[in-house]
Amino acid sequence: MTSSPMPAPTAAEPAVEAAYAPADAGLQPGHLVSGVPQAAPGETMIAIDNISKWYGDFQVLTNCTTKVAKGEVVVVCGPSGSGKSTLIKCVNALEPFQKGQITVAGTKVADKGTNLPKLRSRVGMVFQHFELFPHLSITDNLTIAQRKVLGRSAEDAKKRGLDLLARVGLGAHATKFPGQLSGGQQQRVAIARALAMNPVVMLFDEPTSALDPEMVGEVLDVMVELAKEGMTMMVVTHEMGFARKVADRVIFMDRGEIVEDAKKEDFFGSPRSERAQTFLSKILQH
Amino acid sequence: MLSNFDFSVIVQSLPYLFGQGMVFTVTLTAMAAVGGVIIGTLLAMARLSGVPGLTQVAKGYVELCRSLPLVLVIFWFYFLVPYIGAYVTGSSTPIQVGAFPSALITFMAFEAAYFSEIMRAGIQSIPKGQTAAAQALGMNYWQTMGNVVLPQAFRNMLPLLLTQTIILFQDTSLVYVLSLTDFMGAASKVAQRDGRLVEMYIFAAVVYFVICFSASFLVRRLQRRVAIIR
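Per chain, residues are indexed from 1 in the order of the written sequence. Naming scheme: in the order in which they are written, chains are lettered from A and ligands are numbered from 1. With the structure being a predicted model, the display of local features is reserved for residues of pLDDT at least 70 and the display and counting of side-chain atom pairs for 80 or more, all residues being used for whole-chain, interface and lining totals. Excluded from the side-chain calculations are hydrogens and water; all other atoms, namely the structure's heavy atoms, are used.

Draft legend 1. Region of the structure containing the interface of chain A and chain B. Contacts are residue-level and defined by heavy atoms, with any inter-residue pair within 4.5 Å sufficient. On the side of chain B, 20 residues touch chain A, which itself brings 20 residues to the contact. Values labelled buried area give the accessible surface lost by two parts on being combined, using a 1.4 Å probe and summing over both. Buried surface at the junction of chain A and chain B, both sides included, amounts to about 1,800 Å², of which 67% is carbon and sulfur. For the chain A face of the interface with chain B, the top three residues by lost area are A:Phe133, A:Pro134 and A:His135, together amounting to 32%. Polar contact is defined as a pair of N or O atoms within 3.5 Å, subject to the rule that within protein one atom must be able to donate a hydrogen and the other to accept it, and that residues adjacent in sequence are counted only when both atoms are side-chain atoms. Run the count over chain A and chain B and you get 5 residue pairs in polar contact (both at pLDDT 80 or more). Elements represented by at least two residues in the side of chain A that touches chain B include exactly helix 3 (116-121), strand 6 (123-126) and helix 4 (138-148) of chain A. Note on residue categories: nonpolar means Ala, Val, Leu, Ile, Met, Phe, Trp, Tyr, Cys or Pro, charged means Asp, Glu, Lys or Arg, and polar means any other residue, Gly included. Looking at the side of chain A that touches chain B residue by residue, the classes come out as 12 nonpolar, 4 polar and 4 charged. Under the DSSP-based scheme used, a helix requires at least four consecutive residues in state H or I and a strand at least two consecutive residues in state E, with every element numbered from the N terminus.

As structure tokens, then:
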């Protein structure tokens, strides 16, 4: 009996801990972007060229022009109703526009011949209200578009999906349904779902606006990590802390126009337009 | 008073009533419901598609069906389809459709109008953001519908679809106008053969009531269970 190697209970504890990952581990080390970091700055990824859009008679976007280079992180901010969400939704043609052209990774969005589903499959998008599919498990949420749109095998899709789910710290929740997760957790799943498609660009439409304050950090952590890995990102947000930390450029919009389009340092240091100054002073007061 | 009644006629005719009549009724109901939901869903999609022409055609069809008595449509279909079929195929004599296929097609097509209204409400109940998310992931219209919108719409509308199917179950008794032997028709035939009208019609009423009432009860229980957590 004495010969059987029975480890002391204390010695077994670390192993047990490792086997049962905590339910919400937070951001895990490793790459979110597959393969090597994408940054190879310089090349234009998104070119927004003189966009105008109307809802009936009401003009929501007026002659918007800007560029996002590969690996660049651009934050779009402005008061509500300024058209920033509309602008970002024009990039993957979720919103049609009547004038101008947008080119994403060489593909013209407003061309009749453009295969929009194919274009969108390469542009990741994260929504304000997460928009996970409530009737599907987290695993299915992560894999469905990979299988149906990219034609990946079930195993490959699952491997990629679960890998990303583990990276955002939610590996223990694979079999749950979206309704069983908190807002912050759902948004991290939504980011993983978008990343699973190996996008060349990520668009974020107010990703933290619908979250309780204590959950904003966990989502921003993932986004900061993504930015560090060289992902090209266009982010509509009011999180100026995030903008200061990772943005290369800040675009300020008001009443459907791009009022200011400046390097981060210039924007926060000395915004040129009065409207941007007013906006900044208002949101940085607290 | 009841001494004049002879309920043994019911017992004697049970194999006929259920073995033939009820099997027919259930078969017709199930096939018509499945076909009706499929056609109804396509009608609802057409109506919500926003494609000029398609929307109006779907709307017109639904309005037409909802404005006509079912018996009339059953008759109309039974007597006219052979001629339309002959015209389409170029045959010189009316094609033989048969009472059952004719009834089945009629019920599918007619109920599709009602199912389409339910599915339209179901599709519209899915938030726009769900469609946007599916599209943003690169899904086309059919993939978005098939993987995201319709599964949720079906689930939300399942109680209503089943309730409509219960109504359809009762409506199938109208096939007696085509001399088909459904449960009601079987009861009617026995009643007239044996001169036991009251007994048979009471029994038929009881059977319909028990089946429909139990089914409605189960639908209500189901309703509480299928709701998706959001």
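Let us keep going from here.
Draft legend 2. Expanded view of the packing of helix 6 (residues 141-171) of chain B against helix 8 (residues 197-226) of chain B. Residues and elements named next belong to chain B. Note on geometry: axes are C-alpha line fits, over the in-contact stretch for helices, and angles between N-to-C directions span 0 to 180 degrees. Their axes nearest at 9 Å, the elements helix 6 and helix 8 cross at an angle of 175°. When the axis of helix 6 is compared with that of helix 8, the two are roughly antiparallel. Across the interface between the two elements, Arg155, Leu158, Pro159, Leu162, Thr163, Ile166, Phe169 and Gln170 of helix 6 pack against Tyr208, Ile211, Cys212, Ala215, Ser216, Val219, Leu222, Gln223 and Val226 of helix 8. Should an angle fall under 35 degrees it is called roughly parallel, over 145 degrees roughly antiparallel, and 65 to 115 degrees roughly perpendicular, with every other angle called oblique.

Draft legend 3. Region of the structure containing the nonpolar core. For the purposes of this section, nonpolar cores are sets of buried Ala, Val, Leu, Ile, Met, Phe, Trp, Tyr and Cys residues that join through side-chain atoms within 4.5 Å. For the exposure calls, accessible area comes from a 1.4 Å probe over protein chains only, and a residue counts as buried if that area is under 20% of its type's maximum, exposed if over 50%, partly exposed in between. In this structure, A:Ile191, A:Met202, A:Leu226 and A:Met233 are the most contacted members of the largest nonpolar core, which totals 51 residues. No other element matches helix 7 (residues 213-228) of chain A, which puts 9 residues into this core. What A:Met233 contacts, discounting residues up to four positions off in sequence, is A:Val68, A:Glu72, A:Val73, A:Val74, A:Met202, A:Phe204, A:Met223, A:Leu226, A:Ala227 and A:Phe242. Of all hydrophobic cores here, the second largest spans 42 residues; its members include A:Ile144, A:Met253, B:Ala136 and B:Leu137.

Draft legend 4. Broad picture of the pairing of strand 6 of chain A. Residues and elements named next belong to chain A. Alternating positions in strand 6 separate into two faces, Val123 and Met125 on one and Gly124 and Val126 on the other, with burial throughout. Between any two strands, pairing holds if DSSP finds at least two bridges. In terms of strand pairing, strand 6 meets strand 7 (residues 201-205) through 4 bridges, oriented parallel. Considered in strand 7, the bridge of valine 123 is made with valine 201.

Draft legend 5. Quick peek at the sheet that holds strand 4 (residues 99-104) of chain A. Residue and element names in this part refer to chain A. With antiparallel pairing, 4 strands are arranged side by side in an open sheet as 2-1-4-5. Strand pairing shows two members of the sheet lacking a second neighbour, strand 2 (58-69) and strand 5 (107-108), which therefore form its edges. Strand direction decides the pairing type here: strand 4 and strand 5, joined by 2 bridges, are antiparallel. The residue bridging threonine 103 from the neighbouring strand is lysine 108, located in strand 5. The sheet contacts of helix 2 (residues 84-91) involve strand 1 (44-55), strand 2 and strand 4, and relative to strand 1 the element is tilted by about 120°.

Draft legend 6. Representation of the sheet that holds strand 6 of chain A. Residues and elements named next belong to chain A. Strand order across the open sheet formed by 6 strands is 6-7-8-3-9-10, with mixed pairing between neighbours. Strand pairing shows two members of the sheet lacking a second neighbour, strand 6 and strand 10 (257-263), which therefore form its edges. Averaged over neighbouring strand pairs, the angle between their axes works out to 15° when direction is ignored. Direction of pairing for strand 9 (residues 249-254) relative to strand 10: antiparallel, over a ladder of 6 bridges. Its bridge partner lying in strand 10, isoleucine 251 is registered against aspartate 261.

Draft legend 7. The arrangement of the packing of aromatic side chains in detail. Pairing of aromatic side chains here covers Phe, Tyr and the six-membered ring of Trp, requires ring centres within 6.5 Å, and sorts the geometry by plane angle: under 30 degrees stacked, over 60 edge-to-face, intermediate tilted. Per the stated rule, a full pass over the model turns up 14 aromatic pairs over all chains. When the ring of B:Phe18 is compared with that of B:Phe183, the centres are 5.4 Å apart and the planes differ by 50°; the resulting orientation is tilted. Note that B:Phe18 is positioned in helix 1 (residues 8-48) and B:Phe183 in helix 7 (residues 183-194), a separation of 165 residues in sequence. Taking relative accessible area as the criterion, B:Phe183 reaches 0% and is therefore assigned buried. Members of the aromatic cluster, connected to one another through ring pairs, are B:Phe18, B:Phe169, B:Phe183, B:Phe203 and B:Tyr208. Positioned above the aromatic ring of A:Phe133, the side-chain terminus of A:Arg193 is 4.6 Å from the ring centre. Throughout this description, the term charge over a ring refers to an Arg CZ or Lys NZ atom that lies within 6 Å of the ring centre and within 35 degrees of the ring normal.

Draft legend 8. Quick look at unusual backbone geometry. All names here are of chain A. For alanine 93, which is not a glycine, the phi torsion comes out positive at approximately 60°. For arginine 255, which is not glycine, the phi dihedral falls at a positive 50°. Tracing the chain through its elements places arginine 255 in the loop between strand 9 and strand 10. The class for arginine 255 is exposed, based on a relative accessible area of 61%.

Remember, this is a structural readout, not a statement about activity or role.
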